[in-house]
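Residue-level structure breakdown
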Amino acid sequence: MAIKPVRKAVLPVAGLGTRVLPATKVIPKEMLPVFDRPALHYVIDEARAAGIEHFIFVTGRNKGAIEDYFDIAYELEATLEAKGKTAVLDALRADLPGAGACSFVRQQAPLGLGHAVWCARELVGGEPFAVLLPDMIMRSDPACLAEMTQAYGEVGGNLISVQEVPRAEVSSYGIVDPGARKGALIEMRGMVEKPAVQDAPSNLMISGRYILQPEIFGILSRQTPGAGGEIQLTDAMQTLMGESPFHALPFTGEVFDTGSKTGYLRASAAMALADPEHGAEARAILQALLDASR
Ligand code: G1P
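Everything quoted here is computed from the prediction, not taken from an experiment. (Residues numbered from 1 in each chain as written. Predicted model: local features only at pLDDT ≥ 70, side-chain atom pairs only at ≥ 80, totals over all residues. Heavy atoms only, no water.)

What follows concerns the overall build of the protein. When its secondary structure is counted, the protein shows 11 helices and 13 strands. A globule of 294 residues ought to have a C-alpha radius of gyration of about 19 Å, and the protein, at 20 Å, matches this closely. Projected onto the principal axes, the alpha-carbon positions of the protein cover approximately 60 × 50 × 40 Å. Burial status across the protein gives 49% buried among its 294 residues. Put simply, of all contacts in the protein between residues at least 6 apart along the chain, 76% involve residues at least 24 apart. Accessible surface computed for the protein: about 14700 Å², of which carbon and sulfur atoms make up 54%. For the protein, the distance from the average site of its 27 positive side-chain charges to the average site of its 35 negative ones is 4 Å. (Helix = DSSP H or I, 4+ residues; strand = E, 2+ residues; numbered from the N terminus. Rg over C-alpha atoms; globule rule 2.2 N^0.38 Å. Buried < 20%, exposed > 50% of the residue type's maximum accessible area, 1.4 Å probe, protein only. Contact = heavy atoms within 4.5 Å. Areas by Shrake-Rupley, 256 points an atom, 1.4 Å probe, with all protein chains shown as cover. Lys, Arg positive; Asp, Glu negative; His and termini not counted. Charge placed at Lys NZ, Arg CZ, Asp CG, Glu CD.)

What follows is about the nonpolar core. Membership of the largest hydrophobic core comes to 39 residues, with the highest contact counts inside it found for Leu11, Leu40, Ile52, Phe55, Phe57, Leu132 and Leu145. Listed by contribution, the elements that provide at least two residues to this core are strand S1 (8-12), helix H1 (39-49), strand S4 (54-59), strand S6 (129-132), strand S7 (136-139), helix H7 (144-155) and strand S11 (204-212). Per element, the largest residue contribution to this core is six residues, and it comes from H7. Discounting residues that sit within four places of it in the chain, leucine 11 has contacts with Leu40, Val43, Ile44, Phe55, Ile56, Phe57, Val58 and Leu132. Grouped together as the second largest cluster of nonpolar side chains are 33 residues, Ala120, Val131, Leu133 and Ala236 included. (Core = buried A, V, L, I, M, F, W, Y, C linked by side-chain atoms within 4.5 Å.)

The next point concerns the site of the ligand. The environment of the ligand is made up of Leu113, Leu133, Met136, Tyr173, Gly174, Glu193, Lys194, Ile206, Gln232 and Thr234. The separation between an oxygen atom of the ligand and a polar side-chain atom of lysine 194 is 2.6 Å. Here an oxygen atom of the ligand sits 2.6 Å away from a polar atom, N or O, in the main chain of isoleucine 206. Here the ligand, which alone exposes 380 Å², has 78% of that area covered by the protein. Tallied by class, residues from the shell around the ligand come to five nonpolar, three polar and two charged. (Near = heavy atom within 4 Å. Polar contact = N/O pair within 3.5 Å; in protein donor to acceptor, adjacent residues only side chain to side chain. Nonpolar A, V, L, I, M, F, W, Y, C, P; charged D, E, K, R; others polar.)

Turning our attention to the pattern of salt bridges. As enumerated under the stated definition, the model contains 15 salt bridges in all. Note that aspartate 135 is salt-bridged to lysine 29, the shortest N-O span being 3.1 Å. Here aspartate 135 is found in the loop between S6 and S7, whereas its partner lysine 29 is found in the loop between S1 and strand S2 (33-34), with 106 residues between them in sequence. Neither residue differs from the other here; aspartate 135 and lysine 29 are each classed as buried. With its nearest N and O atoms 2.9 Å apart, the salt bridge here joins arginine 37 to aspartate 36. A network of salt bridges, in which partner residues are shared, links Arg7, Lys8, Glu53 and Glu127. (Salt bridge = Lys/Arg side-chain N within 4 Å of Asp/Glu carboxyl O.)

Each regular strand shows side chains that alternate between the opposite faces of the sheet. Buried residues dominate strand S8 (residues 158-164), accounting for six of its seven residues. The sheet contact formed by S8 and S11 spans five bridges and is antiparallel. Each bridged residue has a counterpart across the sheet, and for glutamate 164 the counterpart in S11 is leucine 204. (Pairing = 2+ DSSP bridges.)

To continue, consider the environment of threonine 258. Turning to its location among the elements, threonine 258 is positioned in the loop between strand S13 (254-257) and helix H10 (261-274). It is 8.3 Å that separates the C-alpha atoms of threonine 258 and valine 34, two residues lying 224 residues apart in sequence. Setting aside residues up to four positions removed in sequence, threonine 258 forms contacts with Val20, Val34, Ala39, Pro134, Asp135, Ile137, Gly263, Tyr264 and Ala267.

With that settled, the discussion passes to a nonpolar patch on the surface. A surface patch of nonpolar side chains, amounting to about 320 Å² of accessible area, comprises Leu273, Ile285, Leu286 and Leu289. If you tally residues by element for the nonpolar patch, the top one is helix H11 (residues 279-292), at three residues. With respect to the helices and strands, leucine 273 occurs in helix H10. (Patch = residues over 30% accessible without salt bridge, like charges linked within 9 Å, V, L, I, M, F, W, Y side chains within 5 Å.)

The next thing to look at is H10. Turn by turn, an α-helix covers 3.6 residues, leaving residues three or four places apart pointing in a common direction. Over its 14 residues, H10 extends 20 Å from the first C-alpha to the last, a length consistent with the 20 Å expected when each residue adds 1.5 Å. Within H10, burial applies to Gly263, Ala267, Ser268, Ala270, Met271 and Ala272. Residues of H10 that are buried in the fold lie against S2, H1, S7, S13 and H11. (Expected span 1.5 Å × (residues − 1).)

Spelled out as structure tokens, the structure:
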């Protein structure tokens, strides 16, 4: 059977961002700037680099800034044009997804990641799709999802990215039970959401990038609450594993978890240091702060 390409991506952005309050009282956590652009911007860039054509945002109340960000800011563009600021204007326009490339659907209640993904079922339809958790900024070349779509083109089925974490941290993540190694991929035997340290089948965590077959939606519609009383995507994937091929791609780049205050700080500092225009100055600023705090 021909392997269908992955054209659509689901971005669950309904979370309340309680770990980064108070800023998230009025700003969606996905819109907090990581150096010079919202965290979500990096994730959309990653999806684009993987050939994604349609972005499905699963939003919630108070997330209107996300819709505005991916729309033309008419007054701003007119002002930049009038002032001759063409470089900034060109950059803004280049970043804008095409007309009709973004869809928005609301998750009406915070019932878990599995439920958020299920809310996108009508927009995804009957084709394979990607899920990108916007808390996680992945830095690598090629980009994580691009590496995954390439591997998917060879094996089809379902694919997730995984990364090693210290054993003590396994209860914060979905953890996989790895089977045989197949080239760059690992066959999946099982997975469990937020296991106790002593029950974890490995220290490989599910790092927030998924390629899934649409059969997951039927499973999610029957999924009962799991870890934390939430409908877990991990539990539905465990069931899907019995029905269709499932692999993991160990991600070897850097993962920045912007969902916590210090993770957010780390991501901002890393992106500032890597900026071609401001990197050297950022380094001097950070170094001076460190020296002064000794
Ligand atoms: C979610 C997933 C989990 C994954 C994690 C990565 O958990 O449920 O499997 O390992 O993202 O960040 P959450 O962070 O929403 O609790």
